[in-house]
Amino acid sequence: MSREELRDKLIEEAWEGLKNSYSPYSKFPVGAAAMGADGTVYRGCNIENVSYGLTVCGERTAIFNMVAHGCKTFTALAVVSKGNGDSAPCGACRQVLGEFCESLDTPIYIVGGDGKVLETTVGECMPYPFLKFEPQE
Ligand code: THU
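Residues numbered from 1 in each chain as written. Predicted model: local features only at pLDDT ≥ 70, side-chain atom pairs only at ≥ 80, totals over all residues. Heavy atoms only, no water.

**A closer look at the packing of aromatic side chains**
Basically, it comes down to this: Note on ring pairs: Phe, Tyr and Trp rings are taken, using the six-membered ring of Trp, and paired if centres are within 6.5 Å. Classes follow the plane angle, with under 30 degrees stacked, over 60 edge-to-face and the rest tilted. Under the DSSP-based scheme used, a helix requires at least four consecutive residues in state H or I and a strand at least two consecutive residues in state E, with every element numbered from the N terminus. The buried label goes to any residue with under 20% of its type's maximum accessible area, the exposed label to any with over 50%, and the partly exposed label to all in between, with areas taken from a 1.4 Å probe on protein chains only.
Tallied over the full model, the rule gives two aromatic pairs. Both rings, one in Tyr25 and one in Tyr52, keep their centres 5.5 Å apart while their planes meet at 40°; by these two values the pair is tilted. You can see Tyr25 sitting in the loop between helix 1 (3-18) and strand 1 (30-36) and its partner Tyr52 sitting in the loop between strand 2 (41-45) and helix 2 (58-68), a full 27 residues away along the chain. Taking relative accessible area as the criterion, Tyr52 reaches 58% and is therefore assigned exposed.

**Section: the site of the ligand**
The cut-off we apply is this: Definition of nearness: a residue and a molecule or strand are near each other if at least one heavy atom of the residue lies within 4 Å of the molecule or strand. Any N or O atom pair separated by 3.5 Å or less is treated as a polar contact, with the protein-specific requirement of one donor-capable and one acceptor-capable atom, and with residues adjacent in sequence counted only for side-chain atom pairs. In these tables, accessible area is a Shrake-Rupley quantity obtained with a 1.4 Å probe, and a residue counts as shielded only by the protein chains included in the view. Under the scheme applied, nonpolar residues are Ala, Val, Leu, Ile, Met, Phe, Trp, Tyr, Cys and Pro; charged residues are Asp, Glu, Lys and Arg; polar residues are all the others, including Gly.
Around the ligand, a shell composed of Ser26, Phe28, Val30, Asn46, Glu48, Thr55, Cys57, Gly58, Glu59, Ser87, Ala88 and Pro89 is seen. Within the side chain of Glu59, one N or O atom sits 2.6 Å away from an oxygen atom of the ligand. Contacts to the ligand include Ala88, whose backbone N or O atom sits 3.2 Å from an oxygen atom. Here the ligand, which alone exposes 380 Å², has 79% of that area covered by the protein. Here the residues of the shell around the ligand sort into five nonpolar, five polar and two charged.

**Quick word on the UniProt feature "binding site: Zn(2+)" (unreviewed entry) in the chain**
Let me state the cut-off plainly: UniProt positions are given in the numbering used here, feature names are shortened, and annotations may be inferred rather than shown by experiment. Any two residues whose heavy atoms approach within 4.5 Å are treated as being in contact.
Following the UniProt record, the feature "binding site: Zn(2+)" (unreviewed entry) maps to Cys57, Cys90 and Cys93 here. Of the residues just listed, which span 37 residues, no C-alpha pair is farther apart than 8.3 Å, and they cluster in one region. Within the secondary structure, Cys90 is located in the loop between strand 3 (74-81) and helix 3 (91-100). With relative accessibility at 30%, the residue Cys90 sits in the partly exposed group. With sequence-adjacent residues up to four places away left out, Cys90 is seen in contact with Cys57, Glu59 and Arg60. Classification of Cys93 as buried rests on a relative accessible area of 1%. Leave out the neighbours within four places in its chain, and Cys93 touches Cys57, Glu59 and Arg60.

Quick look at the structure:
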């Protein structure tokens, strides 16, 4: 599959993921899809809670879905939303994307309400990531 075909497929899958969004509070449904290094597409959607801070974004549910299925690396990710505003990954999601991306060049496709595709990478979204540490005695 070419890079463009993969991009288009992931965007389509992210729209499918969005259909399962549980977002009664923000009324801002988000869908995401990650291509796993195992060749499987893992979908996600935002899942909100009446205790607002417990909400989890679409990007993280896609990645957690992937990890829960035994795959720890993604090679590309798409995130889509409708309406005004865009769904550029939040800071918490960027940290999680950094943990499980194939490399900092791993592409991220962000589709906003206007339908335009913003193409970026994990490294552009998350420069100087905190990815490892040495336990101190
Ligand atoms: N949200 C995402 O799912 N992904 C993003 O990239 C930004 C925000 C969700 C969280 C919440 O359910 C709603 O969008 C409004 O913030």
